[in-house]
Amino acid sequence: AQCCATAGKGLRVGGVNSLSQLVCAQDLADMGLTAERAETVESDEVWRYELGGKSRLMDRRLTLNGSLFRIEWSQVQQVAPLSRCGFSVTVNAGEAVSQGGELEARFAVTDELGLGLALGYTDAEITDPGGIGTFSAGQRIQHVPRWTGALNADYQFQLADRPAFVRANVSYVGESFSNNNSALNPRLREAYR
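These numbers come from a predicted model, not from an experiment. (Residues numbered from 1 in each chain as written. Predicted model: local features only at pLDDT ≥ 70, side-chain atom pairs only at ≥ 80, totals over all residues. Heavy atoms only, no water.)

(A) Spatial organisation of the pattern of salt bridges. In the structure shown here, the tally under the stated rule is twelve salt bridges. Across the pair Arg70 and Glu72 runs a salt bridge, and its minimum N-O distance is 3.1 Å. On the basis of relative accessible area, Arg70 is assigned to the partly exposed category, the value being 33%. Note that Arg140 and Glu175 form a salt bridge whose closest N and O atoms lie 3.9 Å from each other. With Arg140 in the loop between strand 9 (113–128) and strand 10 (147–159) and Glu175 in the loop between strand 11 (162–173) and strand 12 (176–177), the pair connects residues that are 35 residues apart, well separated along the chain. Accessibility expressed as a relative area gives 11% for Arg140, which makes it buried. Several salt bridges converge on common partners, so that one network encompasses Asp27, Asp30 and Arg84. (Salt bridge = Lys/Arg side-chain N within 4 Å of Asp/Glu carboxyl O. Buried < 20%, exposed > 50% of the residue type's maximum accessible area, 1.4 Å probe, protein only. Helix = DSSP H or I, 4+ residues; strand = E, 2+ residues; numbered from the N terminus.)

(B) Summary view of the pairing of strand 10. Sheet topology places strand 9 next to strand 10; nine bridges connect them, and they run antiparallel. Paired with Gly120 across the two strands is Thr148, which belongs to strand 10. In terms of strand pairing, strand 10 meets strand 11 through twelve bridges, oriented antiparallel. If you follow Phe157 over to strand 11, its bridge partner there is Ala164. Between strand 10 and strand 11, which pair antiparallel and follow one another directly, the connecting turn spans two residues, one of which, Ala160, has a positive phi of 55°. (Pairing = 2+ DSSP bridges.)

(C) Inspection of the side chain of Ser67 at higher detail. Tracing the backbone through its elements, the reader meets Ser67 in strand 5 (residues 62–74). Assessed through its relative accessible area of 11%, Ser67 is described here as buried. Among the polar contacts listed, one links the side chain of Ser67 to the side chain of Glu50, at a separation of 3.3 Å. Not counting residues within four places of it along the chain, the set of residues in contact with Ser67 comprises Glu50, Leu51, Gly52, Gly100, Gly101 and Glu102. (Polar contact = N/O pair within 3.5 Å; in protein donor to acceptor, adjacent residues only side chain to side chain. Contact = heavy atoms within 4.5 Å.)

(D) Expanded view of unusual backbone geometry. The backbone of Met58 sits at a positive phi, close to 50°, despite the residue not being glycine. With respect to the element layout, Met58 can be found in the loop between strand 4 (44–57) and strand 5. The exposed category is assigned to Met58, whose relative accessible area is 53%. Positive phi outside glycine occurs at Asp59, with the angle close to 60°. Considering the arrangement of structural elements, one finds Asp59 in the loop between strand 4 and strand 5.

(E) Representation of a nonpolar patch on the surface within the structure. A cluster of nonpolar side chains, Leu103, Leu117, Leu119, Leu151 and Val170, forms an exposed patch at the surface whose accessible area comes to about 390 Å². Considering the arrangement of structural elements, one finds Leu151 in strand 10. (Patch = residues over 30% accessible without salt bridge, like charges linked within 9 Å, V, L, I, M, F, W, Y side chains within 5 Å. Areas by Shrake-Rupley, 256 points an atom, 1.4 Å probe, with all protein chains shown as cover.)

Structure below.
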């Protein structure tokens, strides 16, 4: 078994918003943004902390990998719709925290047949909206499902004296909110497989 802990800092580069400041002036004011502040979005930064482990059991037939993580996010970039003028704007929506865990397992039933399982859970929420009226504390981060999962099976064999395999996979992605999300009109993206 192997275990490790890591910490790291990263960022996502900011950019420029394209919108009509004149047409969108009321939407920006409703969000608590000035036209100047809406012109650009600043880089967001994260600190990521992770504790994980890998192990092989049962004569190396069973592989288990798992991790727990916490991400502390500042100036988190989120997309806010400007409903009256028909544009949207990427803004820095304050502080956020994303935390959860992942588990991956693989079992060699025989030398030819393997079964796999992967599960992930992420709780990603804005903790302080930074004065942006569209967002609120406790609101989920856009595009981040709480649950993900996958099951797979693969079978290896010889075909005309060459190695070959067949693999079947099914995956699940839980519901999340789209980037057209606002506190007044959240747009739910349904779970899918």
